[in-house]
Amino acid sequence: MTQVVATFIYKSNSNYYIMDKIIRLNKRHIEQIVIIDYESEHQGDKEQNISRSSMKKKILKRFKKKQELFFGFKQNDELIGYVTLKLFFPGYKHCEVYWLAVKKRCQCQGIGRKLMEFIEQYAKKSGFRKVYLYTGKDMMKTRGFYEKIGYKFINEFSGYYGYPSGNTTAILYAKSL
């Protein structure tokens, strides 16, 4: 059974109620996670021409490592976004948002913000003091989103991603909880 960890109910402009849920994801959700990643049109995936089968292998590998907690955003029974949290990052009581993805057609509707607010509250309740994340230097829209929700630039790491071309520089951000 899927574990619901947060529920949002609100009235739309069309006067019908929408129910959003944040749920804990597991291996049973892999196909849906792959669809989210593929449909999010992540800049790095596009630059590296990553296939769906390659995405699935990477996600399976991440589940097997057991280093991340996966949470999904479900709207009217459709999984449309997810975020992952690594419970370790160097420093005292630090953690890392490792991945955030929302289907392209659902972006700019506050879903990424809700996922980030949820993960920050989850981290704070779990005793963490600070959340870190990396994103690509060339991903200006993504960087603007993180800055808008209170993340501060920490450092830049050239060659971080190890790609032969494209966006190889990572930017590290942090937010105190």
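Higher on the page you've got the structure.
In this text the structure is predicted, and so the values were computed from the model without any measurement.

What counts, and at which threshold
- Residues numbered from 1 in each chain as written.
- Predicted model: local features only at pLDDT ≥ 70, side-chain atom pairs only at ≥ 80, totals over all residues.
- Heavy atoms only, no water.
- Helix = DSSP H or I, 4+ residues; strand = E, 2+ residues; numbered from the N terminus.
- Buried < 20%, exposed > 50% of the residue type's maximum accessible area, 1.4 Å probe, protein only.
- Areas by Shrake-Rupley, 256 points an atom, 1.4 Å probe, with all protein chains shown as cover.
- Lys, Arg positive; Asp, Glu negative; His and termini not counted.
- Salt bridge = Lys/Arg side-chain N within 4 Å of Asp/Glu carboxyl O.
- Contact = heavy atoms within 4.5 Å.
- Pairing = 2+ DSSP bridges.
- Polar contact = N/O pair within 3.5 Å; in protein donor to acceptor, adjacent residues only side chain to side chain.
- Core = buried A, V, L, I, M, F, W, Y, C linked by side-chain atoms within 4.5 Å.

(A) Region of interest: the overall build of the protein chain. Looking only at helices and strands, the protein chain features five helices and eight strands. Start at the N end of the protein chain and walk to the C end: the helices and strands fall as β-β-α-α-α-β-β-β-α-β-α-β-β. The buried share of the protein chain, taken over its 177 residues, is 42%. Total accessible area on the protein chain is roughly 10,200 Å²; 50% of this is exposed by carbon and sulfur atoms.

(B) Seen up close, the side chain of R143. Within the element layout of this structure, R143 appears in helix α5 (residues 140-148). E147 is the oppositely charged side chain nearest to the buried, salt-bridge-free R143, at an N-O distance of 4.4 Å. In contact with R143, other than residues within four places in its own chain, are T135, G136, K137, I171 and Y173.

(C) Molecular detail of the environment of A170. Inspection of the secondary structure puts A170 in strand β8 (residues 170-176). Note on A170: relative accessible area 0%, which makes it buried. Residues A170 and Y134 lie 36 residues apart in sequence; the distance between their C-alpha atoms is 6.1 Å. Not counting the four nearest positions on each side in its chain, A170 is found in contact with Y134, T135, N155, E156, F157, Y160 and Y161.

(D) The arrangement of the pairing of strand β5 (residues 94-102) in detail. Burial of β5 is extensive: seven of the nine residues sit out of reach of the surface. Between strand β4 (residues 78-89) and β5, which pair antiparallel in sequence order, lie four residues; one of them, G91, sits at a positive phi of approximately 120 degrees. Across four bridges, the pairing between β5 and strand β6 (residues 130-136) is parallel. Note that in β6 the partner of C95 across the bridge is V131.

(E) Structural view of the pattern of salt bridges. Tallied over the entire structure, the rule returns eight salt bridges. Between R105 and E78 there is a salt bridge, with the nearest N and O atoms lying 2.2 Å from each other. Residue R105 is located in the loop between β5 and α4 (111-125), and its partner E78 is located in strand β4; the two are separated by 27 residues in the primary sequence. Looking at E78, the relative accessible area reads 28%, which means it is partly exposed. Among the charged side chains, a network of salt bridges with common partners joins E39, E78, K103 and R105.

(F) Broad picture of the environment of Y173. Along the polypeptide, Y173 turns up in strand β8. The class for Y173 is buried, based on a relative accessible area of 0%. Each C-alpha atom, one on Y173 and one on G150, is 9.5 Å from the other, the two residues being 23 residues apart in sequence. Side chain to side chain, Y173 and R143 meet in a polar contact 3.0 Å long.

(G) Quick peek at the environment of K148. Position of K148 among the secondary structure elements: in helix α5. Classification of K148 by relative accessible area gives exposed; the value is 66%. For the pair K148 and R113, spaced 35 residues apart in sequence, the C-alpha to C-alpha distance is 9.8 Å.

(H) Spatial organisation of the nonpolar core. Judged by nonpolar contacts, the single largest core of 26 residues is most densely connected at V83, V97, L115, M116, I119 and Y151. Among the elements that make up this core, the one with the highest residue count is α4 (six residues). Counting 14 residues, the second-largest nonpolar core is a separate cluster that includes I33, I59, F70 and L79.

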